[in-house]
Amino acid sequence: MTTGPTAIAAEVTLFRGAAAPTAPLVAAIEAIAARAPFRHLATPNGGTMSVAMTNCGPWGWHSDARGYRYAERDPLTDAPWPAMPPLFMRLAQGLAERGGFAGFEPDACLVNRYAPGARMGAHRDWDELDKRHPIVSVSIGLPAVFLWHGATRRERPIATLVEDGDVIVWGGRARAGFHGVRKLADGLHPVSGALRYNLTFRRAK
Ligand code: MD6
Ligand code: FE
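Below is a short write-up of the structure. All of these numbers come straight from a predicted model, not from anything done at the bench.

### Overview of the environment of alanine 23
- Residue placement: alanine 23 occurs in helix 1 (residues 23-35).
- Taking the C-alpha atoms as reference points, alanine 23 and proline 116, 93 residues apart in sequence, are found 20 Å from one another.

### Description of the coordination of the iron ion (ligand 2)
- Those donors, His123 (NE2), Asp125 (OD) and His179 (NE2), are the protein atoms that reach the iron ion (ligand 2), and they lie 2.1 to 2.2 Å from it.
- Considered as a linear motif, the donors of the iron ion (ligand 2) on their single chain read H-x1-D-x53-H. Of the two residues, aspartate 125 is situated in the loop between strand 7 (120-123) and strand 8 (135-141) and histidine 179 in strand 12 (residues 178-181); the sequence distance between them amounts to 54 residues.

### Quick word on the layout of surface pockets
- By volume, the largest pocket amounts to about 720 Å³.
- Breaking the lining of the largest pocket down by element, the ones donating at least two residues are strand 6 (108-114), strand 7, strand 8, strand 11 (167-170), strand 12 and strand 13 (196-202).

### With respect to the sheet that holds strand 3 (residues 52-56)
- Strand order across the open sheet formed by 7 strands is 1-2-11-8-13-6-3, with antiparallel pairing between neighbours. In this open sheet, the two strands that pair with only one neighbour each are strand 1 (6-9) and strand 3. The average angle at which neighbouring strand axes cross in this sheet is 20°, direction not considered.
- Sheet topology places strand 8 next to strand 11; 4 bridges connect them, and they run antiparallel. By the bridge assignment for strand 11, valine 138 is matched with valine 167.

### A look at the site of ligand 1
- Around ligand 1, the surrounding shell holds 13 residues, and the nearest of these are Tyr114, Ser137, Trp170, His179 and Arg196.
- In this structure, serine 137 approaches ligand 1 through a side-chain N or O atom, which is 2.6 Å from an oxygen atom.
- Between ligand 1 and the protein, one listed contact pairs an oxygen atom with a side-chain N or O atom of asparagine 198 at 3.1 Å.
- A total of 340 Å² of accessible area belongs to ligand 1 in isolation, and the protein chains cover 99% of it.
- Structurally, ligand 1 is housed in the largest pocket.
- Residue assignment for the shell around ligand 1 shows that the elements contributing at least two residues are strand 7, strand 8, strand 12 and strand 13.
- For the shell around ligand 1, the leading source of residues is strand 13, giving 3 residues.

### Regarding the packing of aromatic side chains
- Tallying each qualifying case throughout the model produces 5 aromatic pairs.
- Centroid distance phenylalanine 88 to phenylalanine 201: 6.0 Å. Interplanar angle 90°. Geometry classified as edge-to-face. With phenylalanine 88 in helix 2 (residues 86-98) and phenylalanine 201 in strand 13, the pair connects residues that are 113 residues apart, well separated along the chain. Of the two residues examined, phenylalanine 88 and phenylalanine 201, each falls in the buried class.
- Centre to centre, the rings of phenylalanine 146 and tryptophan 170 are 5.9 Å apart; their planes meet at 50°, and the pair counts as tilted. In this pair, phenylalanine 146 sits in strand 9 (residues 144-150) while tryptophan 170 sits in strand 11, placing the two residues 24 residues apart along the sequence. Tryptophan 170 matches phenylalanine 146 in its accessibility class, with the two residues each being buried.

About the cut-offs
Residues numbered from 1 in each chain as written. Chains lettered and ligands numbered in written order. Predicted model: local features only at pLDDT ≥ 70, side-chain atom pairs only at ≥ 80, totals over all residues. Heavy atoms only, no water. Helix = DSSP H or I, 4+ residues; strand = E, 2+ residues; numbered from the N terminus. Donors = N, O, S within 2.8 Å, 3.2 Å for Na, K, Ca; no water. 1 Å grid on protein atoms, 1.4 Å probe; cavity = no way out; pocket = protein on both sides within 12 Å on 5 of 7 lines; lining within 4 Å. Points joined across faces, edges and corners; volume = space filled by probe spheres on them. Pairing = 2+ DSSP bridges. Axes fitted to C-alpha atoms, helices over the stretch in contact; angles between N-to-C directions. Near = heavy atom within 4 Å. Polar contact = N/O pair within 3.5 Å; in protein donor to acceptor, adjacent residues only side chain to side chain. Areas by Shrake-Rupley, 256 points an atom, 1.4 Å probe, with all protein chains shown as cover. Sits in = over half its atoms within 2 Å of the grid points. Phe/Tyr/Trp six-rings, centres within 6.5 Å; stacked < 30°, edge-to-face > 60°. Buried < 20%, exposed > 50% of the residue type's maximum accessible area, 1.4 Å probe, protein only.

If you want it as structure tokens, here you go:
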């Protein structure tokens, strides 16, 4: 489905189907993962994330017992992260502009992989240097429920179904908002099989 933008909250805009067709994105993700494999990162509190992650672009988001940070090299392989595919860059820049953030130059793309049962607890994206830059988030494959909590993680969230090709752009006052993803349900999707992927484009440095 493709419609005009819809507001999830102030400065949190959903563009339904804006990243379709997603098969080329999945092919690019597979090429990235061949060099920088998906891994379940450790969290500072001693847990392990149910979502598997990798990155492309100059900077990659990483978590371990020491905390959260951006790294220029993949800690798993010590190699630089795979380059950001031009297709990713065009998509992120075009959608940021449509979301009201012209001139977005992402230098990091976090790639999340959800298997059924994986979830993301309420958090905010807060490891980036300059919070004036927006975030562009692309959903691929199986549907999920995106939860927008807002100013605190205790707030009752607004739930939005995000499906293959949907894009969320946020920034400005919403940049500090807490959000998460409900436990992924079983399913099979023609482009991703039994998986959901999410790309989040950021300006880290
Ligand atoms: C996800 N997304 O959709 C997780 N973060 O799998 C995020 O955590 C997220 O969608 C910042 C901005 C948009 C997002
Ligand atoms: Fe996030």
